[in-house]
Amino acid sequence: MNCSTCGAQSSNPIKCDYCGAFVSNVDNNSNIDNKGIQYHQTVVRKGIRYLVNSDTPFQGKIYGYYDNGALDRVATYKSGVPDGPYELYHSNGQLEVKSSFKGAEENENIHGAFEKYFSNGQLFIKAHYKNGIKDGSYEQYYENGQLNFKTVYENNELSGPYESYYESGQLEFKTAYKNNKHNGPYEDYYENGQLWKKGTQKNGTWEGPYEQYFANGQISEKGTLKNGQWVGTHEEFYENGDKINFINEFTREYKESTGEEQRDMLLGCGFIFFIM
């Protein structure tokens, strides 16, 4: 609609968004039930949104509603494209998304702070976008309010510290990323808080000393890795703490196996008998 006082296009059917004057002359696209301009009153041509039967790119707020009349979304447009605050709502009236767009159709160019919520009002995601891609801090939460994980993005790639948590709030693992790959110290935990894995990764592969533990805290495996492969001494342990002797373990399994299994073991592990 156009304001009869200043001539500006206003999304408010009662009062002008720009000069504040009450609108007395409205066009056929107006909605005078205080719900503002709605999406069905607009059309998109070549990526630009217009009021139906208008050749002027839309400027102002557009409202969307559920079938039951509850507010679905509110978007701000400038020169026919979303540019400014954007809010999306659950059907129960709770806020679902709070964000901003910059110069592109909705969901294509989020820019700035971004928040998303569960239908119970609990925060789900808190992030920062730059021209449509994740850039900056990123946090995600469980529906009970506990932090799920937090990290940092750079140009839409994981780059920086990363911490993940169980729904109970217990730390699950912590590491660091660079160019979307694990880089740096890595620690993984059982839900009881006991350390499970400890090592270092470089470009997504294990590199250097590595330790792994049972849930009771007893070490299960340790050694050194290079390019993801064991080098040097590699030891494994039973849950009671006893060290696994691979030669004895093979002999026990061999005696307990069937004839066909023995044949396969001999063919696959003949080097053990050569060493013996």
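Note: the structure precedes this text.
The following refers to the structure shown. Quantities reported herein were computed from a predicted structural model and do not represent experimental measurements.

Our next topic: the side chain of Glu 187. Here Glu 187 lies in strand β15 (residues 184-189). With residues near it in sequence (within four places) discarded, Glu 187 still touches Glu 172, Phe 173, Lys 174, Leu 195, Lys 197 and Lys 198.

Glancing now at the pairing of strand β16 (residues 195-202). Here six bridges tie β15 to β16, and the two strands are oriented antiparallel to one another. Across the sheet, Glu 187 pairs through a bridge with Lys 198, a residue of β16. Linking β15 to β16, which pair antiparallel, is a turn of five residues; within it Gly 193 sits at a positive phi near 95°. Alignment of β16 against strand β18 (residues 208-213), held across two bridges, turns out to be antiparallel. Each bridged residue has a counterpart across the sheet, and for Lys 197 the counterpart in β18 is Gln 212. As paired strands, β16 and strand β17 (residues 205-206) are joined by two bridges and run antiparallel to one another. For Lys 202, the partnering residue across the bridge sits in β17 and is Thr 205.

Attention shifts here to the pattern of salt bridges. A pair can form between side chains of opposite charge whenever their charged atoms are brought close. All told, the structure shown has four salt bridges when counted by the stated rule. Salt-bridge contacts for Lys 222 lead to Glu 235; the nearest nitrogen and oxygen are separated by 3.8 Å. Of the two residues, Lys 222 sits in strand β19 (residues 219-226) while Glu 235 sits in strand β20 (residues 229-236), which places them 13 residues apart along the sequence. Of the charged contacts in the structure, one is a salt bridge between Lys 243 and Glu 235, with a shortest N-O distance of 2.9 Å. Each of Lys 222, Glu 235 and Lys 243 takes part in a single network of salt bridges with overlapping partners.

Definitions and cut-offs
- Residues numbered from 1 in each chain as written.
- Predicted model: local features only at pLDDT ≥ 70, side-chain atom pairs only at ≥ 80, totals over all residues.
- Heavy atoms only, no water.
- Helix = DSSP H or I, 4+ residues; strand = E, 2+ residues; numbered from the N terminus.
- Contact = heavy atoms within 4.5 Å.
- Pairing = 2+ DSSP bridges.
- Salt bridge = Lys/Arg side-chain N within 4 Å of Asp/Glu carboxyl O.

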